[in-house]
Amino acid sequence: MRWRPPSGSMLVQSPRIDLLPDGSAGPRRFKIKTADSQGRRGMVDSLLKNRYGWRGYKEVRLPTDQTVHRFTLVAVEDENTIGTITVAMDGSEAKLSVDDAFAPEVNALRAQNRKICEFTKLAVDPTVGTKRVLATLFHVAYIVAHRIRGFDTLLIEVNPRHVRYYERMLGFRVLASERMNRSVNAPAVLLGVDFSYVMTQIGEFAGQPERLATERSLYPGFMSLTEEAGVLSRMVAKQAQVQRARDEETAAPAPNTDFQASDLLT
C-alpha cells in the first residue's frame, strides 16, 4: 500500500525539503504574508494540491473556518505563492492534529503545563523555493507562536523517513516512536522542540544565509536578530491597532495589513 500523508494531521512535505537549494545569500526577493483573504487562501490550496496531488496523496486543503488558534503563512514572490506552513495552537475546544495518534504524549505535556503548538501543511514550490524560504516561514511562525503568543513547545508529525532531517537541521527530538495514525492509516513519528532551543539557535546562526552550504542546520537561513525585532515590532503594532478598533466597537473596516484579528488576537 502506498503511504499517503493525511490532509491535516501530518507535516507533509513535497518535494523533500533536504533537496531544496540553499538560495541566494543576498537580499530576499520574497515576502511572508498570512492567508487572510479568500484569494490568498485559494492560492495556498492550489500549491498544496499541486505539490501533493500529482504524487497520489490525499487532498490537502486549508480549513474554511478562521480562528485565533490557527493561522497560515505564505511566502510570496512576484505575487506568486511559493511556500506555505500552518500553525495551530492548543487551547481551543478542537484538539490538535497530533492528538489523533499521540494523545497520551500530548496530554502528558499538557499535564506539565506546557503551552503547545504544532506546524502542519508544509509545502514549498520546487521550481523557485529554497531552504531560505523554508527557514523564513519557520522563523515568522516562531515569532507569532512564541514571541507574541507565548507558546513554549512545538510539535510536528512526520513520516519516519524524515525524522533525521528534522533532528539534524532544526533540533527536533523524538517524543514518540512510529505509530499508526488510525484516522488516515499512515505511519507517523511525533517530534518536538522547545522554543527556548530555537531561540538560542537563532541567536547563534540566524542572518547568515551564506552558512547554509556548510552548516548542518537550517538556522543560518533564519532572519537576523535585527530583522526579527522589526517583524515583531510591526506585528505588535498591528495587533494593537486591531485590538483598539475592537475595543472601541467601531464599524470601520479592519486595517489593511498582513496580520488581521484572526491571526494575532489572544
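Above this text you will find the structure in question.
Residues numbered from 1 in each chain as written. Predicted model: local features only at pLDDT ≥ 70, side-chain atom pairs only at ≥ 80, totals over all residues. Heavy atoms only, no water.

Caption draft 1: The overall build of the protein chain, seen in detail. The number of helices and strands found in the protein chain is seven helices and seven strands. Of the regular secondary structure in the protein chain, the N- to C-terminal order runs β-α-β-β-α-β-α-β-α-β-β-α-α-α. When each of the 266 residues of the protein chain is scored for burial, the buried share is 53%. Partitioning the intrachain contacts of the protein chain with sequence separation of at least 6 by distance along the chain shows that 71% fall at a separation of at least 24. (Helix = DSSP H or I, 4+ residues; strand = E, 2+ residues; numbered from the N terminus. Buried < 20%, exposed > 50% of the residue type's maximum accessible area, 1.4 Å probe, protein only. Contact = heavy atoms within 4.5 Å.)

Caption draft 2: Spatial organisation of the nonpolar core. The biggest cluster of nonpolar side chains holds 51 residues, and the ones touching the most others in it are Cys-117, Phe-119, Phe-138 and Tyr-166. The element that contributes the greatest number of residues to this core is helix α3 (residues 131-148), accounting for twelve residues. Ala-88, Val-98, Ala-101 and Ala-176 belong to the second-largest nonpolar core, a separate cluster that totals twelve residues. (Core = buried A, V, L, I, M, F, W, Y, C linked by side-chain atoms within 4.5 Å.)

Caption draft 3: Local environment of the pairing of strand β2 (residues 70-77). Summarising burial for β2: seven of the eight residues are buried, a large majority. Bridging between strand β1 (residues 31-34) and β2 involves four bridges; their strand directions are antiparallel. Along β2, the bridge assignment pairs Lys-31 with Val-76. Taking the residues between adjacent antiparallel strands as the criterion, β2 and strand β3 (residues 80-89) are bridged by two residues, where Asp-78 takes a positive phi near 55°. (Pairing = 2+ DSSP bridges.)

Caption draft 4: Quick peek at the packing of α3 against helix α6 (residues 225-247). The contact between α3 and α6 brings their axes to 11 Å, and the two run at 55°. Comparing their axes, α6 and α3 come out oblique. The crossing of α3 and α6 is right-handed. Residues His-139, Val-140, Tyr-142, Ile-143, Val-144, Arg-147 and Ile-148 of α3 form the contact with α6, whose own contacting residues are Glu-228, Val-231, Leu-232, Met-235 and Gln-239. Per-class residue counts for the contact of α3 with α6 are eight nonpolar, two polar and two charged. (Axes fitted to C-alpha atoms, helices over the stretch in contact; angles between N-to-C directions. Parallel < 35°, antiparallel > 145°, perpendicular 65-115°, else oblique. Left-handed = near helix turned anticlockwise from the far one by under 90°. Nonpolar A, V, L, I, M, F, W, Y, C, P; charged D, E, K, R; others polar.)

Purely geometric stuff here, so don't read any function into it on its own.
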